[in-house]
Amino acid sequence: MRDISRNLLDQSASLRDALQRLNEGVYGAVFITDAKERVLGMLTDGDVRRALLAGAALTDPAVDSMNREFVKGQVGAPHAENVAKLSERVRHVPLLDPAGRLVDMLSWAEMLRIPLMQPALGGNELAYVSDCVTAGWISSQGEYVQRFESKFSDFLDGSHALAVSSGTAALHLALKALDIGRGDEVIVPDLTFAATANVVLHCGATPVLADVDQSTWTLDPNEIERRISERTRAIIPVHLYGHPCDMDQISAIAHRHGLKVIEDCAEAQGARYRGRLVGALGDIGCFSFFSNKVITTGEGGMVTTANPELADRLRLLRDHGMRRGRRYWHEIAGFNYRMTNLQAAVGVAQMERVQGFIKRRQEIGEHYIARLGTIPGLVMPPRQPWAQTIYWIFSMLVEPRAAGLSRDELATELEARGIETRPFFYPLHVQPPYAEAGEFRVSSYLSSQGISLPSGNEISAQEIDRVCDTVLAIIENREPSQ
Ligand SMILES: Cc1ncc(COP(=O)(O)O)c(C=O)c1O
């Protein structure tokens, strides 16, 4: 839902006030309201234009030119019913509450927008969630949590799988289960979502940043070794953008130095390293089910391990340090990182379709590469021969000199054409909580040139073509400077 407060004007507003608001880009329509904020009428660019052409002055009251008979939708009505009111002619549908106040707005332009990511919730999600509600099992007890964990374990390789409240919670629990704390150091890639490093800080330990490798965009094994000290306890390889890290090399280093390996698989469920699924390659695997991930539970995560003692400790820590069967007796100081039955119900439905989601992401990646792979200045994502990437979100680099424009310029131009994109993460070493001196050449380079393109599970081939056609048209209009 957006902030619609800028779309509201009171009855004293002039046509100039209305035009000014419209000019600020408030979604193409403003609304005149009474003292109780009930909508009396609507004004679009076209309404103001027609009023001026008919002889109105900019100082005239906007109420004289507003449209009182506008098409409106109802908050609480099915989304599809409200959307069906949009057409080439009716380009804005305000959603009003029963009192007639503006709550949200649908716009035609937005219907044509291609979002970066979109969850696919068209399977059994609704049925399973309503099952929980009907049965009254909405907290963390209930059969869906076990079903979800068991499906996830089958998906992986039979490892123990514990559902938790987020990917961040999974990572935090993993460090806690390994007893990592004050005085310890953990090696983390400089290019990742910050949660990977935050959890280290929350344990009282120090994240030690290592640069990434240009050929995988993930932790560079050569950089790890240089960062190891007598305080180092663990390494967190992050399978960034769906491409696995070089796990044999990382495991060999960990083995040599007696370090634990926690895989951050938040962006890589289903990716394979030399045929083996990520999440089962280190001591502990951590997954995220935020809404843009391969499968989603809204918020949620999974922590996996083949080690039964670690699984037991993770389970204890997840639930306040209490064991089932001995309520209010705390063996250790734990957390409440449990997943709810409601989330797990969505998770079970998502797992029923997970193989299709993974395949679709790979197809989306291949489609983009087929269309954009030979364009000078565009660098395609890594694809090591030993890796089966899932292109979690299709991401590429824009080299300004060859492409004729920067990543940010491309993003701005795509946004203006209704195509949502996202820049890469900032390198951690430049951000206040993790600031670290030193050279992080590759992560800095990737961070400044990386852009992610729309890759939702339900994006159509036509939409991918529209993104590619638009990228190509924008680039063709630029002069490469080399
Ligand atoms: C690499 C990485 N690690 C950890 C997380 C944290 O997961 P969550 O948002 O579920 O806490 C995310 C993403 O959201 C991520 O991309």
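In this text, all values refer to a predicted model and were calculated from it rather than measured experimentally. Each chain has its residues counted from 1, running along the sequence as written. Given that the model is predicted, a residue must reach a pLDDT of at least 70 before its local features are reported, and side-chain atom pairs must reach 80 or more before they are shown or counted; all residues, however, enter totals for whole chains, interfaces and linings. No hydrogens and no water enter the side-chain calculation; it runs on all heavy atoms of the structure.

Asker: How should the pattern of salt bridges be read in this particular structure?
Answerer: Opposite charge on two side chains makes pairing possible when the charged atoms of those side chains draw close. Note on definitions: salt bridges are taken to be side-chain nitrogens of Lys or Arg within 4 Å of carboxyl oxygens of Asp or Glu. The tally for this structure, following the rule as stated, stands at 26 salt bridges. For Arg113, the salt bridge goes to Glu415, with nearest N and O atoms at 3.1 Å. Taken together, the residues span a long stretch of sequence, with Arg113 in the loop between helix 4 (108–111) and helix 5 (125–135) and Glu415 in helix 15 (residues 407–416) at a distance of 302 residues. Salt bridges linked by common partners bring Glu223, Arg226, Arg227 and Glu436 together as one network. Only DSSP runs of H or I covering at least 4 residues are called helices, and only runs of E covering at least 2 are called strands; the numbering of each starts at the N terminus.

Asker: How do you make sense of the site of the ligand when you look at a structure like this?
Answerer: Neighbouring the ligand are 15 residues; Thr168, Asp264, Glu267, Ser288 and Lys293 lie closest to it. With respect to the ligand, the side chain of Ser288 contributes an N or O atom lying 2.7 Å from an oxygen atom. Lys293 is positioned with one of its side-chain polar atoms (N or O) 2.8 Å from an oxygen atom of the ligand. Considered on its own, the ligand offers 380 Å² of accessible surface; in the complex 92% of this is hidden by protein. Going through the elements one at a time, helix 7 (167–177) and helix 8 (195–202) are the ones with two or more residues in the shell around the ligand. For the shell around the ligand, the element with the highest residue contribution is helix 7, accounting for three residues. Only Asp, Glu, Lys and Arg are considered charged in this grouping, and only Ala, Val, Leu, Ile, Met, Phe, Trp, Tyr, Cys and Pro are considered nonpolar; every other residue, Gly among them, is considered polar. Residue composition of the shell around the ligand, by class: five nonpolar, seven polar and three charged. The near set for a molecule or strand comprises every residue that places at least one heavy atom within 4 Å of it. Here a polar contact is taken to be a pair of N or O atoms separated by no more than 3.5 Å, where protein atoms must pair a possible hydrogen donor with a possible acceptor and residues adjacent in sequence count only if both atoms sit in side chains. For the accessible areas, the method is Shrake-Rupley and the probe is 1.4 Å, while residue cover comes only from the protein chains on display.

Asker: Sorry if this is basic, but what is going on with empty space enclosed by the protein here?
Answerer: To find leftover empty space, a probe the size of one water molecule is rolled over the atoms. Grid points spaced at 1 Å and placed over the protein atoms alone form the basis of the search, with a cavity being a set where a 1.4 Å probe fits but cannot get out and a pocket an open set showing protein on both sides within 12 Å along at least five of seven lines. Lining residues have an atom within 4 Å of a point. Grid points are joined across faces, edges and corners, and a volume is the space filled by probe spheres set on the points. This structure, assessed with the given rule, holds three cavities of 30 Å³ or more. The computed volume of the largest cavity comes to approximately 70 Å³. Around the largest cavity, the lining residues are Thr216, Trp217, Leu240, Tyr241, His243, Pro381, Pro382, Thr389, Tyr391, Ile393, Phe394 and Ser395. Of the residues in the lining of the largest cavity, the class split is eight nonpolar, four polar and no charged. All domain edges in this entry derive from an automatic or database-based domain assignment. Counting the residues that make up the lining of the largest cavity, at least three belong to each of domain 2 (125–351) and domain 3 (354–476).

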